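Overview (structure and organization)
Residue strings, one per chain:
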Amino acid sequence: MPWKDQKMPFFNMACLLMTNSIISGQLISLEEPVCCFNGTEHRPGSKVYIIEESCVDLVCAIDKSKSPAVAVIINVQKRPEDCKGTPCKDCYDTSCVDQSGIVRLLGDTWMPTKCFACECTAGQVVDCKPVPVACEPRPNPSCVEISGPCCPTWKCSEEYCVDGDGKRREIDEKWGGPCIFHSCSPRGILTSVINCVRPPLLNSSCELFTPKDKCCPVVSCGCVDDKGVQRKLGEVWGGPCTVFTCTTEGVITRIEDCAPIPLLNSSCEIFKPEGKCCPEVRCGCVDDKGVQRKLGEVWGGPCTVFTCTTEGVITRIEDCAPIPLLNSSCEIFKPEGKCCPEVRCGCVDDQGITRKINETWGSPCSQNTCTPEGIATLIIDCQETPKLNSSCQLVFSEDKCCPEVTCSCVDDNGVTRAINETWGTPCIVNTCTPNGVAVYIKDCARPPVLNETCKLVSKPDECCPVISCGSCIDSNGIKHDAGSTWERGCKSFTCTEGGKIIEALVNCTNSTLGDPEHLNCIVSVVPGKCCPEWVCGIDCALVRCRGPPHIDCVANALLPLQCCATYTCPANSTGCVDASGVTRAVGSRWEKGCTLSECVENGTIVEVPIKCPSINDLESPEHTNCIIGIPPRKCCPQWICGPDCSLLFCAGPPSKTCFADDLPPLQCCPTYTCPQNNSGCIDATGTFRAVGSKWERGCTSFQCVEEGNIIEASITCSSVDAFGSPPHFNCIVGIVPGRCCPEWICGPNCAAVLCAGPPSSNCIANEIPPLKCCATYECPVSPTTTTTTASFFGECNVGTTWIQDCLKHTCTAEGIISKPYQCEINPMPDPGCTLVLPPGKCCPEWQCGKSAAEIPDESELVIPITL
């Protein structure tokens, strides 16, 4: 019968403890909307129920057309190639669910990435097609290509260029010249060539020549004078009257023509200045005493002035005008150094005292001033001053003519207040004025409330309340406590008690750096930060460096944060030396990260990026208990498989009150938690958690508290700087599978490991991988056919095979070939058997009839992987 007529599973009431409301199968969460179906939370985009016979999937999705967004269960039709039943024609919604779990209506189009465009078509099918995109080219040869969903990305360990001589060039560095210039850019080497235009020869004495450090030639011309001397362009020579100039047209001669000079008067004479061609006139004057005077010279007394001009001596006699006496106090006198007399006047007051011009005297009410016209008297008229109130009175002073009004005020308490005195409260201020008491009432404007932690606070001696906030909210919506400071980029922020955020620039000083952890550190600015800090490489005291592969090899300069040197060997030396100092045979290949390297002639290493196949091109996994991942020290993703869960029989819970724990990746059988009573929590996977229990999923920690509530918190990882020194130098920083934070991952202590040497003198050591101590070797193939091969295992007969350390080894003429040993597992004898790994063996075996306590943990099972 159709699925819609079947009785569907009920929603579990445990979901009610984790949401505000559940309406018609929809769950509205305080954080992210989820669907609650059959007692389990389902995230948007996941299938909550599958109905094979009707080819229908019930999918949890987010409906963003509602406000706020809600989680809904959508009926999605399977594709025809995935349908194994009879499609139900009237069982679908007119919508699709995209890759992010969002509801899309029929006809909607969207782009999940810039490489694909999707459309919700009829039949609820999401049709995605590729879109042409112009991908960025490789910035420079040092960059490694990383395959992406549409365009590759580039991983550049260092940005630099290598010129035609093999010399390293930094970004923006320029070299070359004088005609060809090169510059290093993030996209590679840019070359510019100067095109020269041949200049014309202006005359027969001109020739072309190229100056030093110049690219293009220039024209050089000159002249030859009448004495056969070579002259340069623009050069001038000759006497004062005849001047020669060398030009592009040849020698130009200029003869100066002297004009006749008239004698202006008898005192003038003609003379020829030294170095000049034409004569000049020189004139002067002779005064009445026979003294020679220069042109423009002035002499004489105060009333008669003589001036020497080109026309002769000019005499100017000053004419003095008559001076009237303005009054009886005036007199005439002749100032020293002047020609004409001047008048000098004064005044005589009523007491017979002579006063000077502009002198003043008198009383406060009568002011006298001596002027050239006589004494001017100003009498001050005092106007009647009214009393403004009963407390006012007239006050006379000796230095003032008119009396002044002096007033006071009496307040409500009978206290006398002086003029301009103020009293009252913070909100009501009284001021004593000549017109009485002026009252000012302060009007308080209500300050804005910035967030929910703000409140109004009244302070002593203040009229209006002020705003006081417990926190501030920044532009990203993050709340900060009052008085706290934080930084973002090159700015620091401070939250004030008023709820306002004060910005300031971060002040970087070298004094805050302190001492580095060890010597292999430099001061640099880390991306995303503002101030310089110590950036450290590996502590070189913990690193053991290899020596040169040959005596004639020369060590290259150490790069910053590098401990061990690389070497440059002459062209006649056999092999290559890689970046780790390992000698490689000519023709050998090796991988490091996502780069494939090959040693060719003359010690040159050719590097090409490894191109990973698309995830869709991977072959089907061995079984269903596999995930796609990138193994350590590998570049490309591949299938990583655990044991085949179809071959395992898992024990059930010890009791009915026990609940299964989360299954980690690649694990088949669950573990169980059994509470002492039924009080506890149910997590997002439907697993029962006892009160007080803690667990982690990804980078989130959980704790079950009373009343079935679950508290979530993000796991904060410590900085790598806080790890301290590793136990020994054979350690790297990494993240252990199933954990969130990085930590030290160590191999054996190489100081305590004795490594075997090469099988023969012509063998070359391979690069030592991380966490390993001893090198493996590549030995050249002998031209003669041999029946035995020397290896780390000793000599072996060609063609023999053996198993050791779960690897199958085959002895060949080229060396030992090792591959993972593929275990053959027989079918399960009966349902009560479990596949376990016996001690000292490589392949698992079936064990039947043992209790759950005797069954080993699944971590002891062998997971075959490809090395």
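Residues numbered from 1 in each chain as written. Predicted model: local features only at pLDDT ≥ 70, side-chain atom pairs only at ≥ 80, totals over all residues. Heavy atoms only, no water.

Regarding the overall build of the protein chain
Inclusion rule: Numbering goes from the N terminus for both helices and strands, where a helix is a DSSP run of H or I of at least four residues and a strand is a run of E of at least two. Summary of the burial criterion: residues with accessible area below 20% of their type's maximum are buried, those above 50% are exposed, and those between are partly exposed, where the area comes from a 1.4 Å probe applied to protein chains only. We call two residues contacting when some pair of their heavy atoms lies within 4.5 Å. Residue-level accessible areas treat just the shown protein chains as cover; the underlying method is Shrake-Rupley with a 1.4 Å probe.
The helix and strand inventory of the protein chain stands at zero helices and 83 strands. For the protein chain, with 867 residues in total, the buried portion stands at 25%. In the protein chain, the proportion of contacts linking residues at least 24 apart, taken out of those at least 6 apart, comes to 25%. Accessible area of the protein chain: about 57200 Å², with a carbon and sulfur share of 54%.

As for the pattern of salt bridges
The cut-off we apply is this: When a carboxyl oxygen of Asp or Glu lies within 4 Å of a side-chain nitrogen of Lys or Arg, that pair is called a salt bridge.
Inspection of the entire model under this criterion finds 18 salt bridges. When the shortest N-O distance is used, the salt bridge between Arg355 and Asp349 registers 2.9 Å. The class of Asp349 is buried, set by a relative accessible area of 7%. Between Glu359 and Arg355 there is a salt bridge whose closest N-O contact spans 3.0 Å. Classification of Glu359 as partly exposed rests on a relative accessible area of 26%. Among the charged side chains, a network of salt bridges with common partners joins Asp225, Arg231 and Glu235.

Things to note about the packing of aromatic side chains
Cut-off, in case you're wondering: Side-chain rings of Phe, Tyr and Trp, where Trp is taken by its six-membered ring, are said to pair if the distance between their centres is within 6.5 Å; with planes under 30 degrees apart they count as stacked, over 60 as edge-to-face, and otherwise as tilted.
All chains considered together, the criterion is met by five aromatic pairs. On the numbers, 5.7 Å between centres and 55 degrees between planes, the contact of Phe37 with Tyr49 is tilted. Pair noted here: Phe37 is in strand E3 (residues 35-37) and Tyr49 is in strand E5 (residues 47-51), with a separation of twelve residues, a long-range link. Given the relative accessible area of 6%, Phe37 is considered buried. On the accessibility criterion, Tyr49 (30% relative accessible area) is partly exposed. Ring geometry for Trp695 and Phe702: centres 5.6 Å apart, planes at 15 degrees, overall stacked. Classification of Trp695 by relative accessible area gives buried; the value is 7%. Look at Phe702 and you get buried, because its relative accessible area is 7%.

Topic: the nonpolar core
Our working definition: The term nonpolar core refers to a set of buried residues drawn from Ala, Val, Leu, Ile, Met, Phe, Trp, Tyr and Cys, joined through side-chain atoms within 4.5 Å.
Of all hydrophobic cores here, the largest spans eight residues; its members are Val59, Ala61, Val70, Val72, Ile74, Val76, Val97 and Val103. The element that contributes the greatest number of residues to this core is strand E7 (residues 70-77), accounting for four residues. Once residues lying within four places of it in the same chain are set aside, the contact partners of Val59 are Gly45, Ser46, Lys47, Val48, Val72, Ile73, Ile74, Val76 and Val97. Core analysis: the next-biggest nonpolar cluster, separate from the first, contains seven residues, Cys35, Val56, Leu58 and Cys60 among them.

Considerations on the sheet that holds E5
The following threshold applies: Paired strands are those between which DSSP finds at least two bridges. To define axes, lines are fitted to C-alpha atoms, for helices over the stretch in contact only, and angles between the resulting N-to-C directions are given on a 0 to 180 degree scale.
The antiparallel open sheet is built from three strands, whose spatial order is E5-E6-E7. Looking at strand neighbours, the two that pair on one side only are E5 and E7, the edges of this open sheet. Averaged over neighbouring strand pairs, the angle between their axes works out to 30 degrees when direction is ignored. In terms of strand pairing, E5 meets strand E6 (residues 56-63) through four bridges, oriented antiparallel. In the sheet register, Lys47 faces E6, and the bridge partner there is Val59.

Section: the side chain of His518
Note the following rule: What qualifies as a polar contact is a pair of N or O atoms within 3.5 Å, subject to a donor-acceptor requirement within protein and to the restriction that residues adjacent in sequence count only when both atoms come from side chains.
Structurally, the position occupied by His518 is in the loop between strand E54 (501-505) and strand E55 (521-524). Owing to a relative accessible area of 14%, His518 belongs among the buried residues under this scheme. In terms of polar contacts, His518 uses its side chain to reach the backbone amide nitrogen of Asn520, at 3.2 Å. Not counting the four nearest positions on each side in its chain, His518 is found in contact with Cys536, Gly537, Ile538 and Asp539.

Overview of the sheet that holds strand E31 (residues 298-300)
With respect to topology, three strands assemble into an open sheet ordered E31-E32-E33, the strand pairing being antiparallel. Looking at strand neighbours, the two that pair on one side only are E31 and strand E33 (312-317), the edges of this open sheet. Each strand axis lies, on average, 25 degrees off the axis of its neighbour in the sheet, ignoring direction. Here six bridges tie strand E32 (residues 304-309) to E33, and the two strands are oriented antiparallel to one another. Across the sheet, residue Thr307 finds its bridge partner in E33, namely Ile314.

Topic: the state of the cysteines
Inclusion rule: By disulfide we mean two sulfur atoms from cysteines, separated by a distance within 2.5 Å.
Enumeration according to the criterion identifies 24 disulfides in this entry. Between Cys118 and Cys128 runs a disulfide, and the two sulfur atoms are separated by 2.0 Å. As the torsion about the S-S bond is roughly 110 degrees, the Cys118-Cys128 disulfide counts as right-handed. Taken together, the positions of Cys118 in strand E11 (residues 116-120) and Cys128 in strand E12 (residues 126-130) put the pair ten residues apart, joining distant regions of the chain. Judged by its relative accessible area of 3%, Cys118 falls in the buried class. Here Cys645 is linked by a disulfide to Cys668, with a sulfur-sulfur distance of 1.9 Å. Where Cys645 bonds to Cys668 through sulfur, the torsion about that S-S bond is close to -85 degrees, and the disulfide is left-handed. Taken as a pair, Cys645 in the loop between strand E65 (638-641) and strand E66 (659-660) and Cys668 in the loop between E66 and strand E67 (672-673) lie far apart in primary sequence, 23 residues in all.

Side note on a nonpolar patch on the surface
As a reminder, the rule being used: Patch building starts from residues that exceed 30% relative accessible area and form no salt bridge, then joins like charges within 9 Å and nonpolar side chains (Val, Leu, Ile, Met, Phe, Trp, Tyr) within 5 Å.
Taken together, the side chains of Ile428, Val437, Val439 and Ile441 define a hydrophobic patch exposed on the protein surface, amounting to about 350 Å² of accessible area. The topology assignment puts Val439 in strand E47 (residues 436-441).

Description of unusual backbone geometry
Residue Asp172 is not a glycine yet carries a positive backbone phi of 75 degrees. Examined against the element boundaries, Asp172 turns out to sit in the loop between strand E16 (168-170) and strand E17 (174-176).

Here's the deal with the confidence of the model for the protein chain
Applicable threshold: pLDDT expresses, on a scale from 0 to 100, how confident the predictor is about each individual residue.
When pLDDT is averaged along the protein chain, the result is 75; 77% of the residues meet or exceed 70. Taken as a whole, residues 782-787 scores under 50 in pLDDT and shows four contacts with residues more than four places along the chain or in a different chain. Within the model, the stretch residues 850-867 combines pLDDT values under 50 with 27 contacts to residues more than four positions away or in other chains.

Looking at the pairing of strand E26 (residues 250-255)
Strand direction decides the pairing type here: strand E25 (residues 242-247) and E26, joined by six bridges, are antiparallel. Within the sheet, the bridge partner assigned to Thr245 lies in E26 and is Ile252. Where E25 folds back on E26, the antiparallel hairpin that results is connected by two residues.

Digging into the side chain of Arg169
Position of Arg169 among the secondary structure elements: in strand E16. Looking at Arg169, its side chain comes within polar contact range of the side chain of Glu173, at 3.0 Å.

Structural notes on the environment of Cys409
Examined against the element boundaries, Cys409 turns out to sit in strand E43 (residues 408-410). Distance from Cys409 to Thr431, taken between C-alpha atoms, is 9.0 Å for residues 22 residues apart in sequence.

Some thoughts on the environment of Thr568
Within the secondary structure layout, Thr568 lies in strand E58 (residues 567-568). Sequence separation of Thr568 and Val554 is 14 residues, and the distance between their C-alpha atoms is 5.2 Å.

With respect to the environment of Leu58
In this fold, Leu58 is placed in strand E6. Linking Leu58 and Val76, residues 18 residues apart in sequence, is a C-alpha distance of 6.2 Å.

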